[in-house]
Amino acid sequence: MTIAPPVRRTPNLRLVTLAAGAGFVVFWSSGFIGAGWGTRYTNAFDLLAWRFLLAGLLGAIILSIRRPRLTRRDLLIQIAMAVLTQFIYLGAIFTGIDHGITAGATALIGSLQPLLIATVAGPLLGEPVDRRQWIGLVIGLGGVALVVADDLHAGHGSLLLFLIPLIGLLGLVAGTCLDRRSKSAVKSLDAVCVQSMVSAVLFVTLAASTHQLSVPQQPGFYGAVLWLVLLATGGGWGLFLVNLKLSGATRVSSLLYLVPPTTMLLAYFVLDESIGALAAVGMLVCAVAVALIRLPATLPTWRNPDG
């Protein structure tokens, strides 16, 4: 019996996948920078309300032109995705930054997602977890703890404050699993548009009901809003959905480990945030955790072709 050779990715697909992954890292990192920039002028809920008002308006225009055929199930999935990955995740992330957590530390907390996907959500997706991955989880938590300690030492908030982005992270993990299990056929662009419209309603309602909705006068605020809409929502979240379709939940989640160093580098130049020694060590520790999660369980052995 002849065994068919494994399916290999074509060079063009590999190039697209590589470009999509690299773009995702840069654009996703820009969201943390935009959050730090915008919350200098107003509160987190007000910033998110304005961000998704603009993004939702653009989304409505795009959908009116494209006129995609979306079933009731498609709409319900996209609404749930908006609640989990934007309202809960972004609401918590922006709130943490608004209360003093640095953009880099928040990004590193968010980078725990691949470990959670592999060790907690993985079994729900039919992906077994071995002992080495559990060790990676513990090491990853230790790395994040070092970065949190660096922020606390620098006076960037209290320990309980760091629970806020952790709660947001759970929303992102749940949304990633939902997208993977639902196997939705909705195009990435249409998904971003629908989710932006839903998030506009949620964040405007939240900001208005808590008396935090305002009309800031500083031009810099609207620069931050444009930054978030074009780079973070259009680029970051759009490429997140593209990578989910190209590579799956585990691989796209692993890209999040490249986000903290990228964010810290951007924050150093844009927001004048320093990189402490503990934070640098924590990033290296997390890199070890990634290696334990991502490397194959057994390394290939070399065989002499002559027998």
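All figures in this text were calculated on a predicted structure; none of them were measured in a lab.

Caption draft 1: Representation of the overall build of the chain. Check the secondary structure of the chain and you find twelve helices and zero strands. Its helices and strands in sequence order give the chain the pattern α-α-α-α-α-α-α-α-α-α-α-α, from N to C terminus. A buried classification covers 48% of the 307 residues belonging to the chain. The long-range share in the chain, meaning contacts at least 24 apart out of those at least 6 apart in sequence, stands at 90%. Accessible area of the chain: about 15600 Å², with a carbon and sulfur share of 69%.

Caption draft 2: A look at the pattern of salt bridges. Counting across every chain of the model gives one salt bridge. The partner of Asp190 in a salt bridge is Arg66, with the nearest N and O atoms 2.7 Å apart. Separated by 124 residues along the polypeptide, Asp190 in helix H8 (residues 188-209) and Arg66 in helix H2 (residues 44-66) bring together distant segments of the chain.

Caption draft 3: Seen up close, unusual backbone geometry. Its identity is not glycine, yet Arg67 carries a phi of approximately 50 degrees, on the positive side. Note on placement: Arg67 falls in the loop between H2 and helix H3 (72-98). Assessed through its relative accessible area of 68%, Arg67 is described here as exposed. Even without glycine at this site, His211 takes up a positive phi of about 60 degrees. Turning to its location among the elements, His211 is positioned in the loop between H8 and helix H9 (219-247).

Caption draft 4: Focus on the nonpolar core. Core analysis: the largest hydrophobic core is formed by 46 residues, its most contacted members being Phe24, Trp28, Phe32, Phe94, Trp237, Phe240 and Leu241. Elements with a contribution of two residues or more to this core: helix H1 (11-38), H2, H3, helix H4 (103-110), H8, H9 and helix H11 (259-270). With residues up to four places along the chain from it excluded, the contact list for Phe24 reads Ser29, Gly236, Leu239, Phe240, Asn243, Val252, Leu255 and Leu256.

Caption draft 5: Up close: empty space enclosed by the protein. Counted under the stated rule, the structure contains one cavity of 30 Å³ or more. Counted as a void, the largest cavity has a volume near 180 Å³. Along its surface, the largest cavity is lined by 15 residues, and Trp28, Arg51, Tyr89, Leu90 and Ala232 are the ones closest to its centre. Taken together, the elements giving at least two residues each to the lining of the largest cavity come down to H1, H2, H3 and H9. It is H3 that contributes the most residues to the lining of the largest cavity, six residues altogether.

Caption draft 6: Just the environment of Tyr257, in detail. Among the structural elements, Tyr257 can be located in the loop between helix H10 (249-254) and H11. What makes Tyr257 buried here is its relative accessible area of 11%. A sequence separation of 29 residues divides Tyr257 from Cys286, and the C-alpha atoms of the two residues are 7.7 Å apart.

Caption draft 7: Up close: H4. Most of H4 sits out of view: eight of its eight residues are buried. Residues Ala103, Gly104, Ala105, Thr106, Ala107, Leu108, Ile109 and Gly110 constitute the buried set of H4.

Caption draft 8: The packing of H2 against H3, seen in detail. Orientation of H2 relative to H3, taken along the N-to-C sense of each, is 135 degrees, at an axis distance of 9 Å. Put simply, H2 runs oblique to H3. When the axes of H2 and H3 are compared, the crossing they make is right-handed. Contacts between H2 and H3 involve Ala44, Phe45, Leu47, Leu48, Arg51 and Phe52 from the former and Gln86, Leu90, Gly91, Phe94, Thr95 and Asp98 from the latter. Split into classes, the residues belonging to the contact of H2 with H3 amount to seven nonpolar, three polar and two charged.

Caption draft 9: The arrangement of the packing of aromatic side chains in detail. Evaluated as defined, the whole model comprises eleven aromatic pairs. Measuring from ring centre to ring centre gives 6.1 Å for Trp28 and Tyr89, while their planes differ by 25 degrees; the resulting arrangement is stacked. Of this pair, Trp28 sits in helix H1 while Tyr89 sits in helix H3, placing them 61 residues apart in sequence. Like Trp28, the residue Tyr89 is buried in the burial classification. Pairing Trp28 with Phe240 gives two aromatic rings, centres 5.3 Å apart and planes at 35 degrees, and the pair type is tilted. Of the two residues, Trp28 is situated in helix H1 and Phe240 in helix H9; the sequence distance between them amounts to 212 residues. Here Trp28 and Phe240 have matching classes, each one buried.

What counts, and where the lines are drawn
Residues numbered from 1 in each chain as written. Predicted model: local features only at pLDDT ≥ 70, side-chain atom pairs only at ≥ 80, totals over all residues. Heavy atoms only, no water. Helix = DSSP H or I, 4+ residues; strand = E, 2+ residues; numbered from the N terminus. Buried < 20%, exposed > 50% of the residue type's maximum accessible area, 1.4 Å probe, protein only. Contact = heavy atoms within 4.5 Å. Areas by Shrake-Rupley, 256 points an atom, 1.4 Å probe, with all protein chains shown as cover. Salt bridge = Lys/Arg side-chain N within 4 Å of Asp/Glu carboxyl O. Core = buried A, V, L, I, M, F, W, Y, C linked by side-chain atoms within 4.5 Å. 1 Å grid on protein atoms, 1.4 Å probe; cavity = no way out; pocket = protein on both sides within 12 Å on 5 of 7 lines; lining within 4 Å. Points joined across faces, edges and corners; volume = space filled by probe spheres on them. Axes fitted to C-alpha atoms, helices over the stretch in contact; angles between N-to-C directions. Parallel < 35°, antiparallel > 145°, perpendicular 65-115°, else oblique. Left-handed = near helix turned anticlockwise from the far one by under 90°. Nonpolar A, V, L, I, M, F, W, Y, C, P; charged D, E, K, R; others polar. Phe/Tyr/Trp six-rings, centres within 6.5 Å; stacked < 30°, edge-to-face > 60°.

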